[in-house]
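# Survey of secondary and tertiary structure
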4 protein chains.
Amino acid sequence: MSTVSDARIVRTREALRKAMIALAEESPLDAITVRAIAARAGVGYATFFRHYPDKDALLADVADRLIREFLQRVAPLLQDKDRAAAARSMCDFVLEHLAIYKALLAGGSGETVRAEMLRQTMITMAATRKRKPDGPLDDLMLFHLVSAILNLLSWWLRNLSAVSAATMAEVIERTVLTPVSLLRKQPPVGL
Amino acid sequence: MSTVSDARIVRTREALRKAMIALAEESPLDAITVRAIAARAGVGYATFFRHYPDKDALLADVADRLIREFLQRVAPLLQDKDRAAAARSMCDFVLEHLAIYKALLAGGSGETVRAEMLRQTMITMAATRKRKPDGPLDDLMLFHLVSAILNLLSWWLRNLSAVSAATMAEVIERTVLTPVSLLRKQPPVGL
Amino acid sequence: MSTVSDARIVRTREALRKAMIALAEESPLDAITVRAIAARAGVGYATFFRHYPDKDALLADVADRLIREFLQRVAPLLQDKDRAAAARSMCDFVLEHLAIYKALLAGGSGETVRAEMLRQTMITMAATRKRKPDGPLDDLMLFHLVSAILNLLSWWLRNLSAVSAATMAEVIERTVLTPVSLLRKQPPVGL
Amino acid sequence: MSTVSDARIVRTREALRKAMIALAEESPLDAITVRAIAARAGVGYATFFRHYPDKDALLADVADRLIREFLQRVAPLLQDKDRAAAARSMCDFVLEHLAIYKALLAGGSGETVRAEMLRQTMITMAATRKRKPDGPLDDLMLFHLVSAILNLLSWWLRNLSAVSAATMAEVIERTVLTPVSLLRKQPPVGL
DNA sequence: CTCTAATCGAGACGGTACGTCGCGTCTTACG
DNA sequence: CGTAAGACGCGACGTACCGTCTCGATTAGAG
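Just so you know, these numbers come straight off a predicted model, no measurement behind them.

Thresholds applied
- Residues numbered from 1 in each chain as written.
- Chains lettered and ligands numbered in written order.
- Predicted model: local features only at pLDDT ≥ 70, side-chain atom pairs only at ≥ 80, totals over all residues.
- Heavy atoms only, no water.
- Least-squares fit on C-alpha atoms with pLDDT ≥ 70 in both.
- Contact = heavy atoms within 4.5 Å.
- Phe/Tyr/Trp six-rings, centres within 6.5 Å; stacked < 30°, edge-to-face > 60°.
- Helix = DSSP H or I, 4+ residues; strand = E, 2+ residues; numbered from the N terminus.
- Buried < 20%, exposed > 50% of the residue type's maximum accessible area, 1.4 Å probe, protein only.
- Lys NZ or Arg CZ within 6 Å of the ring centre and 35° of its normal.
- Axes fitted to C-alpha atoms, helices over the stretch in contact; angles between N-to-C directions.
- Left-handed = near helix turned anticlockwise from the far one by under 90°.
- Nonpolar A, V, L, I, M, F, W, Y, C, P; charged D, E, K, R; others polar.
- Buried area = accessible area lost by both parts, 1.4 Å probe.
- Salt bridge = Lys/Arg side-chain N within 4 Å of Asp/Glu carboxyl O.
- Polar contact = N/O pair within 3.5 Å; in protein donor to acceptor, adjacent residues only side chain to side chain.
- Parallel < 35°, antiparallel > 145°, perpendicular 65-115°, else oblique.
- Near = heavy atom within 4 Å.
- Domains from an automatic or database assignment.
- Patch = residues over 30% accessible without salt bridge, like charges linked within 9 Å, V, L, I, M, F, W, Y side chains within 5 Å.
- Areas by Shrake-Rupley, 256 points an atom, 1.4 Å probe, with all protein chains shown as cover.
- Lys, Arg positive; Asp, Glu negative; His and termini not counted.
- Charge placed at Lys NZ, Arg CZ, Asp CG, Glu CD.

## Observations regarding the relation of the copies chain D and chain C
Superposing chain D onto chain C requires a rotation of 180° together with a translation of 0.1 Å along the rotation axis, leaving an RMSD of 0.1 Å. Such a combination of rotation and displacement between the chain copies is what one expects of a two-fold axis. Across chain D, the rotation axis passes nearest the C-alpha of Ala148 of chain D, at a separation of 2.9 Å. Mapped onto chain C, 100% of the interface residues of chain D again fall at the interface, so both copies present the same surface.

Structure follows, in structure tokens:
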């Protein structure tokens, strides 16, 4: 679906993604109709379905691109165990793409975005780490990591004026990154 | 809506709540139609709307009752700072009401339940604590606490066989309760 | 479908039939949209499908009622072998219900109407005649009878000013009723 | 549209006509999509519209060629007043081109074919006969003649095994050709 | 223990979004 | 640089669900 050369297709999909982001900023996901997306994109209604099977597929596409970029930036830092820098980098990245993140996290689309992020993180992790024990603990911690970060960021996006990026990064580091890291080093006896 | 004496009303609402829980176990929330709920409850379609304005109101009612009970059990322990016992109590409680929790958390209804739980926790906290500074940190930590716990529990409900209640409790304590507690005692400098 | 007591149903179907006839006078059948029928009937779009599976079903219902009345008038005469009177009666009947016939025959709906008329004539014949040989000749002649009459009438409806009812009746009698009757009395040797 | 020399154009149109006939054998006319015709003809979708403005135009072209041939064979006999031979010739001709006739008459395309046949017959008649009074009677009888014959033939095509060509010819002669001829010799008084 | 008013079932209805399909136009990529 | 391929706008289709509404028919609980 991504490797298409026809200029019209590229243009249309671009317009649809833009429209989705724009609308997601304004209303919760399930209040966004396909008709509204198509209209906003300046595209015929049926044309939407020629490119995406449904709303969620479009959202997943949008999320996919965003997360891919996000991970390219954050993953290296996590690999280097520089958690503080990683947390800082996250918050900066979010600030830079404020509009899109607001749309995707503060709206009702969190579920889809989280799922997509989990999926991609899995892939990235699998690609970088040699051995993948993939025990239940790893699975649980990855899920917690992604979910908790997304939750904290979504809170932040609704309270940007109250907390600075630096503070937010510290909170993420101390309440998520570090505890998870510790638990990994010293797993519960039952596991 | 709650203080009604007519036996028929009590009976009908009870049936609707039961039906909602039963259906939530089987399918994601937005695949549950009001018609299906009414049918399952053995109640006329229009009757549904005589008791709840819409699907979400019913779900909120169900969640409300569950969370009320949940908090009655967990809150005291948190007040007493016995985090390990509190975590343990949570997990036990979830195990006891497995079906309902599976329905409400592992389904697509997480968002509503989380919102309801946040709301009620706020109220409970406000009632027990005298002084409520309610700075952004408190707000953020409460949000994180509730969200993270619900997320961890919902993962657990999908992986019950992999992790025991004791282990799960330890995980919750070490990755959520303790870090949050520490952050509260020693807030980031920016706050 | 016909024996329903609910007043709303009766009212709605009545309105739909009226609307169908009105629109059929104005435009060919396949230029009539279900939306237009519903709008004209002052009825919701979806409501249409609660009563008829599609446009043709509504048309068939309209035709059914018309043909039932038509046959009640013409059949006795045919039984009595008074072909001239039967032909005359047909033409008079058509004149009396000019608008509806124009709608049903001169429009593009001939196919459906013819099918319905064939079906009903079959039933009527079967009910009145004791023995029903139903050989291929009977089948062919019945088909020819109905088709030819409908064709002649539809031509007449488009050329009302050119030919009187009496003349038209004579034409029908001499080119359809009598030849068919003769052929029946003295079938081709091959049958 | 007809006087074109480019070999590719001839080839494409030929392919489109073949495809139309093939598809018309399999499904009713309005279930045949332009896409299906183009695909069957091994031709691009848009290419269809470079040769015919729409589906009906292609069908009319197909019918036109068939009817032209048909009339060349039948008309002389009608001119010679040899009605029996004419009827016989018709039936033989239909048998020889069974597939195409089945496609055009027994399918849902009867209406278009009939219209085309009427048009062409008019032209042929006008060409052969010197004086063309063209009163309403002539018009009516021509319409009846064409319609009734097409109807009888289409019935026959659906019941080939039941009736021989000779019998069918006799039926056509006795129920259509002769009655029409008689009526012409001795018109109703009203005309 | 009755009577009366509230509750109930049944389901028709207007409305709106869905996803599909076909048409006929118009752009594009490719030979 | 022309032409076949096919993306596109349009608009109808038939489906599903929502929340409102109108009917009678129970049925609870007050007198």
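Still more ground to cover, so stick around.
## As for the arrangement of the chains
At the level of C-alpha atoms, the two units chain A and chain C stay apart, their nearest approach being 19 Å. Of all C-alpha pairs spanning chain B and chain C, none lies closer than 17 Å, and the two are not in contact.

## What to know about the relation of the copies chain A and chain B
In this structure, two copies of a chain are linked by a rotation about an axis accompanied by a shift along it. Note on the copies: chain A fits chain B at an RMSD of 0.1 Å, the axial shift is 0.2 Å, and the rotation between them is 180°. The share of interface residues of chain A whose copies in chain B are also at the interface is 100%, consistent with both copies meeting through the same surface.

## Points about the packing of aromatic side chains
Evaluated as defined, the whole model comprises 24 aromatic pairs over all chains. Taken together, a centroid distance of 5.4 Å and an interplanar angle of 80° make the contact between Tyr45 of chain A and Phe49 of chain A edge-to-face. Of the two residues, Tyr45 of chain A and Phe49 of chain A both sit in helix H3 (residues 45–51), 4 residues apart, roughly one turn of that helix. Both rings, one in Phe93 of chain B and one in Tyr101 of chain B, keep their centres 6.0 Å apart while their planes meet at 85°; by these two values the pair is edge-to-face. Each member of the pair, Phe93 of chain B as well as Tyr101 of chain B, carries the same accessibility label: buried. Counting every residue linked through ring pairs, the aromatic cluster contains Tyr45, Phe48, Phe49 and Tyr52 of chain A. The cationic tip of Arg35 of chain A hangs over the ring face of Tyr45 of chain A; the distance from NZ or CZ to the ring centre is 4.0 Å. For Arg158 of chain B, the ring lying beneath its charged end belongs to Phe143 of chain A, and the centroid distance is 5.2 Å.

## Regarding the packing of helix H8 (residues 136–158) of chain A against helix H9 (residues 165–185) of chain B
The N-to-C vectors of H8 of chain A and H9 of chain B enclose an angle of 35°; their axes lie 13 Å apart at closest approach. Here the hand of the crossing between H8 of chain A and H9 of chain B comes out right-handed. Where H8 of chain A approaches H9 of chain B, its residues Leu140, Met141 and His144 of chain A are matched on the opposing element by Met168, Val171, Thr175 and Val176 of chain B. Partitioned by chemical class, the residues of the contact of H8 of chain A with H9 of chain B number 5 nonpolar, 2 polar and no charged.

## Some details on the interface of chain D and chain C
Of the residues lining the interface, 33 residues belong to chain D; the matching set on chain C comes to 33 residues. On the chain D side of the contact with chain C, Leu140, Trp155 and Arg174 of chain D bury the most area, a combined 22% of that side's loss. Counting every contact that joins chain D to chain C gives 0 salt bridges. Scanning the region where chain D abuts chain C turns up 6 residue pairs in polar contact (both at pLDDT 80 or more). At the level of secondary structure, the elements contributing two or more residues to the side of chain D that touches chain C comprise helix H7 (110–128), helix H8 (136–158) and helix H9 (165–185) of chain D. The element that contributes the greatest number of residues to the side of chain D that touches chain C is H8 of chain D, accounting for 13 residues. Of the residues assigned to the side of chain D that touches chain C, the class counts are 19 nonpolar, 8 polar and 6 charged.

## A word on the packing of helix H5 (residues 83–96) of chain C against helix H8 (residues 136–158) of chain C
Residue and element names in this part refer to chain C. Across the interface, H5 lies against H8 with an axial gap of 12 Å and an inter-helix angle of 45°. The angle between H5 and H8 falls in the class oblique. Considering the relative orientation of H5 and H8, their crossing is right-handed. Mapping the contact onto sequence places Met90, Cys91, Val94 and Leu95 in H5 and Ile149, Leu153, Trp156 and Leu157 in H8. Per-class residue counts for the contact of H5 with H8 are 8 nonpolar, no polar and no charged.

## Brief notes about the protein's contact with DNA strand E
Taken together, 42 residues are adjacent to DNA strand E, and Arg11 of chain A, Thr12, Thr47 and His51 of chain C together with Tyr45 of chain D come closest. A breakdown of the atoms of DNA strand E within 4 Å of the protein gives sugar and phosphate a share of 58%. The separation between a phosphate oxygen of DNA strand E and a polar side-chain atom of Thr12 of chain C is 2.4 Å. Arg50 of chain C places a polar side-chain atom, nitrogen or oxygen, 2.8 Å from a base oxygen of DNA strand E. Along the lines of polarity and charge, the residues of the surface near DNA strand E split into 15 nonpolar, 13 polar and 14 charged.

## A look at helix H6 (residues 98–106) of chain A
Among all positions in H6 of chain A, only Tyr101, Ala103, Leu104 and Leu105 of chain A are buried. Contacts from the buried residues of H6 of chain A go to helix H1 (7–26), helix H4 (55–79), helix H5 (83–96), helix H7 (110–128) and H8 of chain A.

## So, the domain arrangement of chain A
Residues and elements named next belong to chain A. Segmentation of chain A into domains returns domain 1 (7–56) and domain 2 (60–185). Each of domain 1 and domain 2 was reduced to a C-alpha centroid, and the two centroids are 26 Å apart. The interface of domain 1 with domain 2 comprises 9 residues on the first partner and 10 residues on the second. Buried surface at the junction of domain 1 and domain 2, summed over both partners, amounts to about 870 Å²; 67% is from carbon and sulfur atoms. Inspection of the region where domain 1 meets domain 2 yields 1 salt bridge.

## Quick look at the interface of chain A and chain B
On the side of chain B, 33 residues touch chain A, which itself brings 33 residues to the contact. Taken over both partners, the interface formed by chain A and chain B buries close to 2600 Å², and the fraction arising from carbon and sulfur atoms is 68%. Three residues stand out in chain A for area buried against chain B, namely Leu140, Trp155 and Arg174 of chain A, and they jointly supply 22% of the buried area on that side. The interface formed by chain A and chain B holds 0 salt bridges in total. The interface formed by chain A and chain B contains 5 residue pairs in polar contact (both at pLDDT 80 or more). Mapped onto the side of chain A that touches chain B, the elements with two or more residues apiece are H7, H8 and helix H9 (165–185) of chain A. Sorting elements by how many residues they give to the side of chain A that touches chain B places H8 of chain A first, with 13 residues. Looking at the side of chain A that touches chain B residue by residue, the classes come out as 19 nonpolar, 8 polar and 6 charged.

## Details of a negative patch on the surface
Taken together, the side chains of Asp30, Asp54 and Asp56 of chain A together with Asp30, Asp54 and Asp56 of chain B present a region of like negative charge at the surface. Tracing the backbone through its elements, the reader meets Asp30 of chain A in the loop between H1 and helix H2 (34–41). Under the relative-accessibility criterion, Asp30 of chain A is labelled exposed at 69%.

## Quick look at the side chain of Arg114 of chain C
Note on placement: Arg114 of chain C falls in helix H7 (residues 110–128). Side chain to side chain, Arg114 of chain C and Asn151 of chain D meet in a polar contact 3.3 Å long.

## What to know about the protein's contact with DNA strand F
Surveying the vicinity of DNA strand F reveals 38 residues, the closest of which are Thr12, Thr47 and His51 of chain A, Tyr45 of chain B together with Ala46 of chain D. For DNA strand F, the backbone portion of the atoms within 4 Å of the protein, that is sugar and phosphate, comes to 54%. Contact between DNA strand F and Arg8 of chain B: a base oxygen at 3.4 Å from a side-chain N or O atom of the residue. Contact between DNA strand F and Tyr45 of chain C: a base nitrogen at 2.8 Å from a side-chain N or O atom of the residue. Of all the secondary structure elements, the ones that give two or more residues to the surface near DNA strand F are H1 and H3 of chain A, helix H1 (7–26), helix H2 (34–41) and helix H3 (45–51) of chain B, helix H2 (34–41) and helix H3 (45–51) of chain C together with helix H3 (45–51) of chain D. A class-by-class count of the residues in the surface near DNA strand F yields 15 nonpolar, 10 polar and 13 charged.

## A closer look at the environment of Glu69 of chain D
All names here are of chain D. Within the secondary structure layout, Glu69 lies in helix H4 (residues 55–79). Placed 24 residues apart in sequence, Glu69 and Phe93 show a C-alpha to C-alpha distance of 9.5 Å. When neighbours within four sequence positions are excluded, Glu69 is seen to be in contact with Phe93 and His97.

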